[in-house]
Amino acid sequence: QKEVEQNSGPLSVPEGAIASLNCTYSDRGSQSFFWYRQYSGKSPELIMFIYSNGDKEDGRFTAQLNKASQYVSLLIRDSQPSDSATYLCAATTGGFKTIFGAGTRLFVKA
Amino acid sequence: DVKVTQSSRYLVKRTGEKVFLECVQDMDHENMFWYRQDPGLGLRLIYFSYDVKMKEKGDIPEGYSVSREKKERFSLILESASTNQTSMYLCASSGSTGGRTGELFFGEGSRLTVL
């Protein structure tokens, strides 16, 4: 049973727009949440992490966490074609185990 | 920079062969992980290790085993490869301080084809 769910997309946005990526998780014991970006043919790389309810901003990226709703999101402002990738949501449970969603493909059209 | 190195980028093996995938990290990380990635299924955790000689099953351990004799090295073993183990295998590591166990650093991946 999947524990982290994402819409597979693809999500297509025009250059300069805000891209909104969403994720839900089923384990209320999940403590930490992560967003990874994966370019085609490459390995995932960490871009954001969030541990507390609310928003966390880093440059053009904002991660949002709502533990009551078991919901995590990633906003990408001023989207660029170079942001086109698959975005993986992940949650850590039980201290060491990190579970990933299947990923959302994002296309940013120039 | 953290570097996670996987020994082989591409492997082609025959059904029934024993396969070793090696992974080495250079950041003194306590935790190491093996995932496989398949289209539409995302990354699925096979095994992880939080200390030398310690190992824990992930979500899909069947058909796999692991070895961690040294802190920097984590090996994935397919005792008898089968065609349904054709996949991209990703090794990752993370530290344990400040709740950072989920901040994974990945190797470049090993694409295994079993014929």
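Look up: the structure comes first, before these words.
Note that the structure is predicted; figures quoted are calculated from it, not measured.

### As for the overall build of chain B
When helices and strands are tallied, chain B shows zero helices and twelve strands. For chain B, the α and β elements follow one another from N to C terminus as β-β-β-β-β-β-β-β-β-β-β-β. In summary, chain B has a C-alpha radius of gyration of 13 Å against a globular reference of 13 Å for 115 residues, a match within 12%. Along the first, second and third principal axes, the C-alpha set of chain B runs to 45 × 30 × 25 Å. Counting across all 115 residues of chain B, residues that qualify as buried make up 49%. In chain B, the proportion of contacts linking residues at least 24 apart, taken out of those at least 6 apart, comes to 56%.

### Examining the pattern of salt bridges
On inspection of all chains with the given rule, the structure shows eleven salt bridges over all chains. Residue Glu45(A) is joined to Arg37(A) by a salt bridge in which the shortest nitrogen-to-oxygen separation is 3.1 Å. Ionic pairing is found between Lys71(B) and Asp28(B), a salt bridge with its closest N-O pair at 3.0 Å. Taken together, the residues span a long stretch of sequence, with Lys71(B) in the loop between strand E8 (65–70) and strand E9 (73–78) and Asp28(B) in the loop between strand E4 (23–25) and strand E5 (31–38) at a distance of 43 residues. When its relative accessible area of 26% is taken as the criterion, Lys71(B) is described as partly exposed. Relative accessible area serves as the criterion here: at 53%, Asp28(B) is assigned to the exposed category. Here the residues in one salt-bridge network are Arg36(B), Asp38(B) and Arg44(B), joined through shared partners.

### Some thoughts on the nonpolar core
Residue and element names in this part refer to chain A. Core analysis: the largest hydrophobic core is formed by 24 residues, its most contacted members being Trp35, Val72, Leu74, Ile76 and Tyr87. Those elements giving two or more residues to this core turn out to be strand E3 (19–25), strand E4 (32–38), strand E5 (45–50), strand E7 (61–66), strand E8 (71–76), strand E9 (85–93) and strand E11 (104–109). Other than its neighbours up to four places away in sequence, Ile76 contacts Ala17, Ile18, Ala19, Leu21, Arg60, Phe61, Asp83, Tyr87 and Leu106.

### Concerning the state of the cysteines
As enumerated under the stated definition, the model contains two disulfides over all chains in all. Covalent S-S linkage joins Cys23(A) and Cys89(A), the inter-sulfur distance amounting to 2.1 Å. Handedness of the Cys23(A)-Cys89(A) disulfide follows from its S-S torsion of about -70 degrees: it is left-handed. Placement of the pair is Cys23(A) in strand E3 and Cys89(A) in strand E9, with a sequence separation of 66 residues. As far as burial versus exposure is concerned, Cys23(A) and Cys89(A) are alike and both buried. Shown here is the disulfide that connects Cys23(B) with Cys91(B), its sulfur atoms set 1.9 Å apart. Its S-S torsion of about -80 degrees marks the bond between Cys23(B) and Cys91(B) as left-handed, since a negative value means left-handed.

### Side note on the packing of aromatic side chains
Applying the stated criterion across every chain, the model contains twelve aromatic pairs over all chains. Taking 6.2 Å as the distance between ring centres and 70 degrees as the angle between the ring planes, the aromatic pair formed by Phe34(A) and Tyr51(A) counts as edge-to-face. Highlighted residues: Phe34(A) in strand E4 and Tyr51(A) in the loop between E5 and strand E6 (54–58), separated in sequence by 17 residues. On the accessibility criterion, Phe34(A) (0% relative accessible area) is buried. You can call Tyr51(A) partly exposed: its relative accessible area is 25%. Taking 5.3 Å as the distance between ring centres and 90 degrees as the angle between the ring planes, the aromatic pair formed by Phe100(A) and Tyr35(B) counts as edge-to-face. Of this pair, Phe100(A) sits in strand E10 (residues 97–100) while Tyr35(B) sits in strand E5, each in a different chain. Exposure class is identical for Phe100(A) and Tyr35(B). Each is buried. One aromatic cluster in this structure is built from Phe34(A), Tyr36(A), Phe49(A), Tyr51(A), Phe100(A), Phe33(B), Tyr35(B), Phe48(B) and Phe106(B). If you follow Lys56(A) out to its NZ or CZ, it ends over the ring of Phe49(A), 3.3 Å from the centre.

Conventions and cut-offs
Residues numbered from 1 in each chain as written. Chains lettered and ligands numbered in written order. Predicted model: local features only at pLDDT ≥ 70, side-chain atom pairs only at ≥ 80, totals over all residues. Heavy atoms only, no water. Helix = DSSP H or I, 4+ residues; strand = E, 2+ residues; numbered from the N terminus. Rg over C-alpha atoms; globule rule 2.2 N^0.38 Å. Buried < 20%, exposed > 50% of the residue type's maximum accessible area, 1.4 Å probe, protein only. Contact = heavy atoms within 4.5 Å. Salt bridge = Lys/Arg side-chain N within 4 Å of Asp/Glu carboxyl O. Core = buried A, V, L, I, M, F, W, Y, C linked by side-chain atoms within 4.5 Å. Disulfide = S-S within 2.5 Å. Phe/Tyr/Trp six-rings, centres within 6.5 Å; stacked < 30°, edge-to-face > 60°. Lys NZ or Arg CZ within 6 Å of the ring centre and 35° of its normal.

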